[in-house]
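# Close look at the chain arrangement
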Amino acid sequence: MRYVNHEAVVKKMNKRLIVNGIFKTIFFAATLFALLVLAVLFYRIISQGVGYLTPEFFQNFGSRVPEKAGIKAALIGSIWLMCVVAPVSIILGVGTAIYLEEYATKNKLNDFIRMNISNLAGVPSVVFGLLGLTIFVRALALGNSVLAAGFTMSLLILPVIIVGAQEAIRAVPQDVREASYGMGATKWQTILNVVLPSAIPGILTGAILALSRAVGETAPLVVIGIPVIVHFLPENLLSQFTALPMQIYDWAKRPQEAFQYVASAGILVLMIFLLIMNSIAIFIRNKFSKRY
Amino acid sequence: MGQKQSAEKFSVQELIQKSSGKKQKKLIEKMIPIILLLIASVSVLTTFGIVGTLIVETVIFFKQVKVTDFLFGTEWFPFANTEQLFGILPLIAGTLKVTGIAVIVAVPFGIASAIFLSEYASDKTRRIIKPILEVLAGVPTIVYGFFALTFVTPLLQQFIPDLKIFNALSPGIVVGVMILPMIASLSEDAMSSVPNSIREGALAMGSTKLEVALKVVLPAALSGITASVVLAVSRAIGETMIVSLAGGSTPKFDWNVTESIQTMTAYIVQVSSGDAGYGTTIYYSIYAVGFTLFLFTLLMNYLAHVISKKYREEY
């Protein structure tokens, strides 16, 4: 007497395996969808923009005539902006991370700081723009300058840098710290000479990725009133300026079709800028990161 | 040999005596934590700054516009010459339309990608696909906005002839693509943290990989997946440039996705890129709208926090 119907089991099993195979294909196709969108996006932008990437494009200022429009002011402006954002956000971010990881004991104040940082990371960038407009542009009377935009962007990416630096500091093993204390070093000496040197590759990688977010961020710049057509280069930190994403936004909004191609060329410049920053981050991660 | 040792001992003792005598060093050790605490308080000040600014300016706005008109008004005409109307519901409707479409696009694709990456893909495939998803997450939103306006909208118009140049559908889809990597990678993290022993138990009972994924891993990782979706929704609500470029600037209180709309974020951008004079009602209205936006995203982030904390399965 047979309790198991062999044929029925084989049939059922086959069916389940086929369903498994079908779903595997569906899941794979869904993953490919994202890659496909990325490919189309890059293809469109490169094919539209590459024709406008002439030497004149880098030498000209913004213009009403598509053929004469250039990206000089925006590119230099973005570099100026980064010169403010990088030191401000890295000093504030790494300082906060050292405090939280090395000094902060578990009490209400420090819990509040931690909770506050994770909340800050979820605030939309346009709201940071409102903060910048009220505090830096109006209350501190910095105007729509490099400095005001730089401070606003620094605060925007601060949570990302803090979290990245915290992870890098946490990855330094406790033994190394104890070895340093064992040699008679004080806490600050240990942090400065032992913890930070081995955490720096991780900190920098995180910081560069955060900075590349700041390069492409548009909304806060619009809100604090960064102008789009600028026919001069910034002279100091209180000069007016424009930045790459602002210039692209302006071109993309224009109704003439030719400006679409100019915008694509601008996007290409922005993407190359980001690519260089990300390559530096990957280079630092691969070259200097230590494994314990 | 013995002489040399004693000489070294002596020099160490001397060093210790020397350095313990330094008052400066002690001062540094005491000052550093205070300086670092001051630096750490910048992030707290930022939060107070944001909340403070929004509240102060919103209060001024509510001196000029009634709170009830703002919360329940179904018409938003700030630029009207005769009678300005500040009812926020049309802007919220615009935001919800875009967010809803984004979720419809991103959730199935995001979770399917997460299942593929965590349950089916080999290590090699995962190493190729994950960085590409990171690139997708790193594309600036202005680029997505340009893509929505110049590629997705014309493409959709071929299938939907009624579709206007500015609409909710195209930016919605593109916002969905933007939040997809976030859902995929956070959900994949949640699924990967389900222990392998549970998977192997189910496989040993004769389950197929699909059954393991859907009946074992998915339920176990549900809290993480839900939290990732809620966080992505919060990101979609706050997204600005895609909707500013491709969504239009005509707030309407309806559920039509083929016509021009306006979201809360796009309104803030519209006012600040024009020349609304400082001190006008329109100027203060961007803070009231920004405050509403802030409350929406705060609620979402809090919800994600509660979900991932409270419903996490412990192994």
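Given the structure is predicted, the values throughout are model-derived calculations rather than measurements.

To continue, consider the overall build of chain B. Within chain B, the regular secondary structure consists of 13 helices and 2 strands. Its C-alpha radius of gyration of 28 Å places chain B more than 25% over the 20 Å reference for a compact globule of 315 residues. Seen through its C-alpha atoms, chain B measures out along the principal axes to roughly 100 × 65 × 35 Å. In chain B, which comprises 315 residues, the proportion classed as buried is 45%.

Another point: the packing of helix H4 (residues 89-120) of chain B against helix H9 (residues 209-220) of chain B. Two numbers describe a pair of packed helices, the interaxial angle and the distance between the axes. All names here are of chain B. Relative orientation of the contacting elements H4 and H9 amounts to 115 degrees, with a least axis distance of 11 Å. Between H4 and H9, the angle falls in the class roughly perpendicular. Judged by the twist between their axes, the crossing of H4 over H9 is right-handed. Contacts between H4 and H9 involve Ile115, Glu119 and Tyr120 from the first element and Lys209, Val212, Ala213 and Val217 from the second.

Counting residues in each nonpolar core, the largest one holds 187 residues, and the members touching the most others are Ile248(A), Ala106(B), Phe146(B), Val174(B), Ile179(B), Ile183(B) and Ile242(B). The biggest single contributor to this core is H4(B), with 17 residues. Each of two domains, domain 1 (6-52) and domain 2 (57-288) of chain A, supplies a minimum of three residues to this core. Apart from residues no more than four positions distant in its own chain, Ile248(A) is found in contact with Ala263(A), Gly266(A), Ile267(A), Leu270(A), Ile142(B) and Phe146(B).

Each partner contributes residues to the interface: chain B has 65 residues there, and chain A has 64 residues. At 19 residues, the largest contribution of residues to the side of chain B that touches chain A is made by helix H2 (residues 23-64) of chain B. Considered class by class, the residues forming the side of chain B that touches chain A number 41 nonpolar, 20 polar and 4 charged.

On to H9(B), then. Helix length check: H9(B) (12 residues) gives 15 Å between terminal C-alpha atoms against 16 Å at 1.5 Å per residue, within 8%. Of all the residues in H9(B), the buried ones are Leu210(B), Val212(B), Ala213(B) and Val217(B). Viewed along the axis of H9(B), the buried residues span an arc of 145 degrees, placing them on a single side of the element. Exposed side of H9(B), more than 90 degrees from the buried face: Lys215(B) and Pro219(B) are the residues found there. Turning to H9(B), the residues buried within the fold contact helix H1 (6-49) of chain A together with H4, helix H7 (169-192) and helix H8 (196-204) of chain B.

What follows deals with the domain arrangement of chain A. All names here are of chain A. According to the domain assignment, chain A contains domain 1 (6-52) and domain 2 (57-288). Its C-alpha centre places domain 1 at a distance of 36 Å from the equivalent point of domain 2. Each side of the interface is counted separately: domain 1 has 7 residues, and domain 2 has 8 residues. Taken together, the residues of the side of domain 1 that touches domain 2 sort by class into 4 nonpolar, 3 polar and no charged.

Cut-offs and rules
- Residues numbered from 1 in each chain as written.
- Chains lettered and ligands numbered in written order.
- Predicted model: local features only at pLDDT ≥ 70, side-chain atom pairs only at ≥ 80, totals over all residues.
- Helix = DSSP H or I, 4+ residues; strand = E, 2+ residues; numbered from the N terminus.
- Rg over C-alpha atoms; globule rule 2.2 N^0.38 Å.
- Buried ≥ 20, exposed ≤ 12 C-beta atoms within 10 Å, placed from the backbone.
- Axes fitted to C-alpha atoms, helices over the stretch in contact; angles between N-to-C directions.
- Parallel < 35°, antiparallel > 145°, perpendicular 65-115°, else oblique.
- Left-handed = near helix turned anticlockwise from the far one by under 90°.
- Contact = placed C-beta atoms within 7 Å.
- Core = buried A, V, L, I, M, F, W, Y, C linked by C-beta atoms within 7 Å.
- Domains from an automatic or database assignment.
- Nonpolar A, V, L, I, M, F, W, Y, C, P; charged D, E, K, R; others polar.
- Expected span 1.5 Å × (residues − 1).
- Arc of directions from axis to C-beta.

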